[in-house]
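The chain contents come next:
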Amino acid sequence: MTFTQIPQQYAPLGGELRYTVTTQEAATLDLHIVDAGSGKAVGAKRFAGATAASFDAAPCLRRAVRFVPTTGGTGFHATDGRTVMALVEAQTVSADTVPGKQAAGTAAENPLTSPLRTFLPRMTAITAPALLTTMPLTRLIACGECDELTLFSDEACTVIVTAQAGTTATARSYRTLTGGVLVFRLDTRDFPGAETLTVDAGACGTIAYTLVAAIPEARRLAWRSSAGSIEHYTFPVERSVTLETAKKRAYGSGGHLVAQAATERRSVLVSAYETREVVEALAEICATPDVWLAAEAGYEAVDTVTDKAVVHRHGAVSCLEIEIRDKRKTGALWN
């Protein structure tokens, strides 16, 4: 057996990840897609009486993508779940072998393992060095807020954060030992009194922040973007908050009784008036599977109710209005 086609290193999970195995003679081929991080098989294929087996591993590997926003101070943080490392194991088996089980006295023949590949949870291919983001490189951030940058570098990376306050500038340097996918977290509380912050990641890119006063009623969301990063944006207006309660009732000698109640909190958030490019980036909040509400104590998972976003109106800048709710309902039992 021979692998005649395997995906490129750092190929995107949003595209096709095709593996092809060929044999000189027709045989029954078993192929197992293995998540190298956990060591578990995430998918399997069987081809009977074939001299070639070709399949797309992307649908199985997308299920292995799991990551959440980082917490902590300014600097580089762990990148757990930001990539998927996988390989494919191929073997020929006897025709009477049941899929997933080895028949008694029947040994697997010619086992073959593909090279290990690392895949990025993004839609399109990209080459290093790069900054993985869908948001603009010039941003507003309130005092006390945090942001997260995802870097893709083929070598060790140095990030210099410059804080400007009036005519005074101070700089701090942060460095990694290796390349690959890197996560850099910026906490404005580490730079008290700063008016602007510049995060220079060298060849990966530079982000410029202007610090503004915090708005008490503002809500900051984080979400997993199509670039394979976690983006942040502060919605300055919380237009409404609705508490919806669903009750299960029972009828007895005392009349109608509430047996159980579940409460759901919904909030309607409105963005600032932004350019079309920014609104299109924010519109991904409606489609992404993972959204969080940033708070002082950390991140709380939420569900986006809105399924439609208007990203462009002729002759005018646009704002985005979305509705979010708690990920889980709050239930209470009553006697």
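Whatever comes next refers back to the structure up there.
Quick look at the structure, then. Note that the structure is a prediction, hence the values are computed from the model and not measured. (Residues numbered from 1 in each chain as written. Predicted model: local features only at pLDDT ≥ 70, side-chain atom pairs only at ≥ 80, totals over all residues. Heavy atoms only, no water.)

## Re unusual backbone geometry
Stage number 1. A cis amide bond links Ala128 to the next residue, Pro129, at an omega of 0°.
Stage number 2. With respect to the helices and strands, the residue Pro129 is situated in the loop between strand E7 (117-119) and strand E8 (130-132).
Stage number 3. Backbone geometry at Tyr10 places phi at a positive 65°, although glycine is not the residue there.
Stage number 4. Of note, Tyr10 is situated in the loop between strand E1 (2-5) and strand E2 (18-35).
Stage number 5. Overall, the relative accessible area of 26% leaves Tyr10 in the partly exposed class. (Helix = DSSP H or I, 4+ residues; strand = E, 2+ residues; numbered from the N terminus. Buried < 20%, exposed > 50% of the residue type's maximum accessible area, 1.4 Å probe, protein only.)

## Examining the packing of aromatic side chains
Stage number 1. Applying the stated criterion across every chain, the model contains six aromatic pairs.
Stage number 2. Between Phe3 and Tyr19 the ring centres are 6.4 Å apart and the planes differ by 75°, which places this aromatic pair in the edge-to-face class. Placement of Phe3 in strand E1 and of Tyr19 in strand E2 is noted, with a sequence separation of 16 residues between them. Like Tyr19, Phe3 is buried.
Stage number 3. Both rings, one in Tyr10 and one in Phe152, keep their centres 4.9 Å apart while their planes meet at 65°; by these two values the pair is edge-to-face. Here Phe152 lies in strand E10 (residues 146-153) and Tyr10 lies in the loop between E1 and E2, a separation of 142 residues in the sequence.
Stage number 4. Aromatic ring contacts, followed pair by pair, group Phe3, Tyr19 and Phe55 into a single cluster. (Phe/Tyr/Trp six-rings, centres within 6.5 Å; stacked < 30°, edge-to-face > 60°.)

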